[in-house]
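# A closer look at the structure
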Amino acid sequence: RWQKDDMDALLNKWGENVKYEDFVSWLFELRESREASGKKFKVAIFSCAPYDREWFDKTNQDLGSNVEFTYNPEQLNMDTVKLAEGCDAVCTFVNDFAGADIVESLNKAGVKMIALRCAGFDRVDLKAAEAHGITVARVPAYSPYAVGEHAVALMCSLNRNITRSYRNARMGNFGLNGAMIGRTLHGKRVGIIGTGLIGSITARVMKKGFECEVVAYDVFENPKIKDPEPEGLDIPYLPLDELLATCDYISLHAPLLPSTKHMINFDKLSIMKKGIMIVNTSRGGLIDTRALIHGLKTGIIAGAAMDVVENEAPFFFRNFSNSCIDDDNIAVLLRMPNVILTPHLAFFTREALKTISDTSLKSMVGVRDGEGPPKQNGKLDCVCRPPKEQPKDQKKCDGAADERKKELATRMSFMQPHPLPVNPLQAEAFAPFENTEKDFRIAFFSATPTEIAAFEKGNQDYKGNFTFNFYKAALNIESVGMAKGAEGVCIFVHDDASAEVLKALKAQGVKVVALRCSGTNNVDIKTAKELGLMVVRVPAYSASSTGEHAVALATSVIRCIPQAAENTRRCNFELNGLLGFDMIGKKVGIIGAGRTGKVAARIFSMGYGCQVMVHDVVEKPDVKDPPPNGLGLPYVSLDEIFTQSDIICIFAPEKPETLKMIDAAAIEKMKKGVIIVNTSRGGLIDNQALIDGLRSGKIGGAGLDVVQGENAYFHSDWSNKPVDNDDLSVLTCFNNVIVTYHQAWFTEESMQAICHTTLTSFHAVRQNQEPPVQRKKFKTVVTRTF
């Protein structure tokens, strides 16, 4: 017979701290656990997609829950409720309907529980469920970051025309017309409607990251929003009408209640600031779709980006690409160029699916074992109960409000703290010129209609007295004769200012070559110096524009925004192939921490809460110093960027030593699934290595505003002729690659800065003076003659 000493001797092999008494206790606990988990519990999952089955099977196994699932792709309704017969519970999603009649049928079928794999419960009759003794449980915080981050991604994509660029590039149209111009988010007023956990996350990204002026509306004021920093975000609450009248952008995060249904309606259109952009990731019923369409057609609303739409239930999560949808309002929205519609996928990240399956299964096990659904993470109540009767006296009203505030505080405890923002960037002011009596002729190459309009307006506003000859053609040796008689030449990134061209310009009497961009890699600077030909540039037309565009590309790739929008345009509302990931806590590598790189670093670190690291040849105090003087970001080696980053953003200049810095060897060092973003110069990436990395899955996706060999194609329409650059054709055909055609700079604010700085340089040359520095600190002169 086994004695205690014999057992101790055996257990010592597993470690000295394992004792006989502990082992016996653990053995009986394990037996009780297995007996409990052995109870039969059958669950019918409705609206089940392949990813639902994958995650619930995995989590069921990981938790040892021993729950038996039946998987039904159909939505729960009166026609499908019979599929729940013989089940202990049903598991439903956002568009499944469980009205009183369906709840009664579920009760007759023996169902004890409705497990919602979402946060909202507006499609369940909670009173009927309570009357029949059916427990209703939800996932109160499956991933607030997923939804909040998706709202920002939609806003960025809409604001910078990412989905339109994606569509055009795949057709070979790289033209940059006025419809493609965006706006800089920095300094704009953003209204957050609904300031619970998700709304607060969106507010944080917009204020601390993009440095917007953020205001809020909610019937319950959240201390995490209105309290001064660092306890809160120091965001003021406004009446709804004032918010709509003054905001450039609004983002909806309110629940759908009788009091909030159609809160955006025809009456509100007359209040809204003209040109407002609207984002909705909450519930479609918050917006009267007819009013939205009217606002979009009349220009009151400049654009709308929505993950939800009124009456979406019959269509979302299903494929109607081979049939017709019978909702005219949705059909009209899908054909509008200034509308982005994603099919209710704001929740759809790896982190969210894990939380949904984990929380749902624990609730099911709780009901099975007679203990009820446990609180999520020990904090948030998962059980849905019918609303209490509205208290009539003031004392009871105050008590209800206190309960709401207490619940809100508990939810807000999920938010992760971020550092305070550094000193915000200052807006630039422009003044008219003096002493402009003398005419000055300018040959303007690679001119687009938008640039022509902007420079003509600038010439008039600043009283420039310049004479422009605008040419659609790019500057090269064939077109250089067009500059004859001009004193100044204005060129862009794809113009060729080679030694031969510069000599021809000098011979024709040109005094100055003005680049309406910051890069000078298309100009032979050595030859210009030898010829005594002045070269000037625009060193800081808008760091915010390019930095924000990089973030827009990254978030659009991560959340599959253009792919989802293209699917919905074809009436395919399924989520397959559109899985993203939460950005909070992810590692972001910034290569090149100049003004543009710093803007992106600020947004990722201060706004999204990413772990940002930087590589540059010169370490800057305003990057590495701790807040409030700097961003507090570490400088690391290039290898550390490659091996550790989930997202890599490139802002380095193109020089001999940086050419093809992203090559096959660099990609081999990177994490599997890394996202690469380039808004600097195409030559920094080896195209073939990038293509190979995408095909192998080593690279999870790419956002490219520049591509090696782009010069002959970008800013031109090639949709009716073949593109000879095979790499460009291949890249635009990858679903996980977004190509925008050198438009990171293309915002209203940048156009104004480029126009004013360029005209200022021409005016100085006219007066035989050296062009002044931009913003009193950025040198515009590349080669001087004075």
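Structure shown above.
Scoring rules and cut-offs
- Residues numbered from 1 in each chain as written.
- Predicted model: local features only at pLDDT ≥ 70, side-chain atom pairs only at ≥ 80, totals over all residues.
- Heavy atoms only, no water.
- Core = buried A, V, L, I, M, F, W, Y, C linked by side-chain atoms within 4.5 Å.
- Buried < 20%, exposed > 50% of the residue type's maximum accessible area, 1.4 Å probe, protein only.
- Helix = DSSP H or I, 4+ residues; strand = E, 2+ residues; numbered from the N terminus.
- Contact = heavy atoms within 4.5 Å.
- Phe/Tyr/Trp six-rings, centres within 6.5 Å; stacked < 30°, edge-to-face > 60°.
- Lys NZ or Arg CZ within 6 Å of the ring centre and 35° of its normal.
- Pairing = 2+ DSSP bridges.
- Axes fitted to C-alpha atoms, helices over the stretch in contact; angles between N-to-C directions.
- Salt bridge = Lys/Arg side-chain N within 4 Å of Asp/Glu carboxyl O.
- Arc of directions from axis to C-beta.
- Disulfide = S-S within 2.5 Å.

### Focus: the nonpolar core
- Ranked by size, the top nonpolar core spans 90 residues in total, and within it Phe 174, Val 489, Ile 491, Leu 505 and Ile 662 carry the most contacts.
- In terms of residues, this core owes the most to one element, helix α27 (residues 748–766), which gives seven residues.
- With residues near it in sequence (within four places) discarded, Ile 662 still touches Phe 642, Ile 650, Ile 667, Met 670, Ile 676, Leu 684, Ile 685 and Asp 686.
- By size, the runner-up hydrophobic cluster in this structure holds 81 residues, among which are Phe 93, Ile 264, Leu 286 and Met 336.

### Some details on the packing of aromatic side chains
- In the structure shown here, the tally under the stated rule is 28 aromatic pairs.
- A centroid spacing of 5.3 Å and a plane angle of 25 degrees characterise the contact between Phe 316 and Phe 573, whose relative ring orientation is stacked. Note that Phe 316 is positioned in the loop between β10 (301–306) and α13 (328–334) and Phe 573 in the loop between α20 (561–569) and β17 (587–591), a separation of 257 residues in sequence.
- Three or more aromatic residues joined by ring pairs form one cluster here, namely Phe 433, Phe 440, Phe 444, Phe 455, Tyr 462, Phe 466, Phe 468, Phe 470 and Phe 762.
- The residue whose ring lies beneath Lys 721 is Trp 718, and the NZ or CZ to ring-centre distance is 4.5 Å.
- The ring of Phe 466 is capped by Arg 766, whose NZ or CZ atom sits 4.4 Å from the centre of that ring.

### What about the sheet that holds β10?
- Read from one edge to the other, the open sheet built from six strands follows the order β7-β6-β8-β9-β10-β11, with strand pairing classed as parallel. At either end of the open sheet lies a strand with only one pairing partner, and these are β7 (213–217) and β11 (339–341). Each strand axis lies, on average, 15 degrees off the axis of its neighbour in the sheet, ignoring direction.
- Relative to β11, β10 runs parallel, the two being bridged by three bridges.

### Considerations on unusual backbone geometry
- Residue Pro 230 is reached from Glu 229 by a cis peptide bond, and omega for that bond is 10 degrees.
- For Pro 230, the position within the fold is in the loop between α9 (223–226) and α10 (240–246).
- Omega for the bond connecting Pro 627 with Pro 628 falls within 30 degrees of zero, at 10 degrees, which places this linkage in the cis form.
- You can see Pro 628 is positioned in the loop between α22 (621–624) and α23 (638–644).
- Notably, His 715 is not glycine yet its phi reads approximately 75 degrees, a positive angle.
- Position of His 715 relative to the elements: it lies in the loop between β21 (699–704) and α26 (726–733).

### Points about the pattern of salt bridges
- This structure, assessed with the given rule, holds 28 salt bridges.
- Salt bridges here are not isolated pairs; linked through shared partners, they connect Arg 167, Glu 566 and Arg 569.

### Describing helix α4 (residues 100–108)
- Considered for burial, the residues of α4 that qualify are Ile 102, Val 103 and Leu 106. Axial view of α4: buried residues confined to an arc of 100 degrees, hence all on one face.
- Structurally, α4 contributes buried residues whose contacts are with β3 (89–92), β4 (113–116) and α5 (126–131).

### What about the environment of Ile 641?
- One can find Ile 641 in helix α23.
- Leave out the neighbours within four places in its chain, and Ile 641 touches Gly 589, Ile 590, Ile 591, Met 613, Val 614, His 615, Val 636 and Ile 648.

### A closer look at the environment of Asp 727
- Following the sequence through the fold, Asp 727 ends up in helix α26.
- For Asp 727, the residues in contact, after removing those within four places along its chain, are Asn 687, Gln 688 and Ile 691.

### Thoughts on the environment of Leu 759
- One can find Leu 759 in helix α27.
- Separated by 326 residues in the primary sequence, Leu 759 and Phe 433 place their C-alpha atoms 9.2 Å from one another.
- Non-local contacts of Leu 759, meaning those with residues more than four positions away in its chain, are made with Phe 433, Phe 455, Gly 458, Asn 459, Tyr 462, Phe 466 and Phe 468.

### Considerations on the sheet that holds strand β5 (residues 135–137)
- Read from one edge to the other, the open sheet built from five strands follows the order β2-β1-β3-β4-β5, with strand pairing classed as parallel. At either margin of the open sheet sits one strand with a lone partner, and together these are β2 (68–71) and β5. Adjacent strand axes in the sheet meet at a mean angle of 20 degrees when their direction is disregarded.
- Sheet contacts for helix α3 (residues 50–63): β1 (42–45), β2 and β3; angle to β2, the most-contacted strand, approximately 175 degrees.

### With respect to the state of the cysteines
- One pass over the structure, following the stated rule, counts zero disulfides.
- The cysteine Cys 490 is free of any disulfide, with Cys 517 supplying the nearest cysteine sulfur at 8.9 Å.
- By relative accessible area, Cys 490 is classed as buried at 0%.

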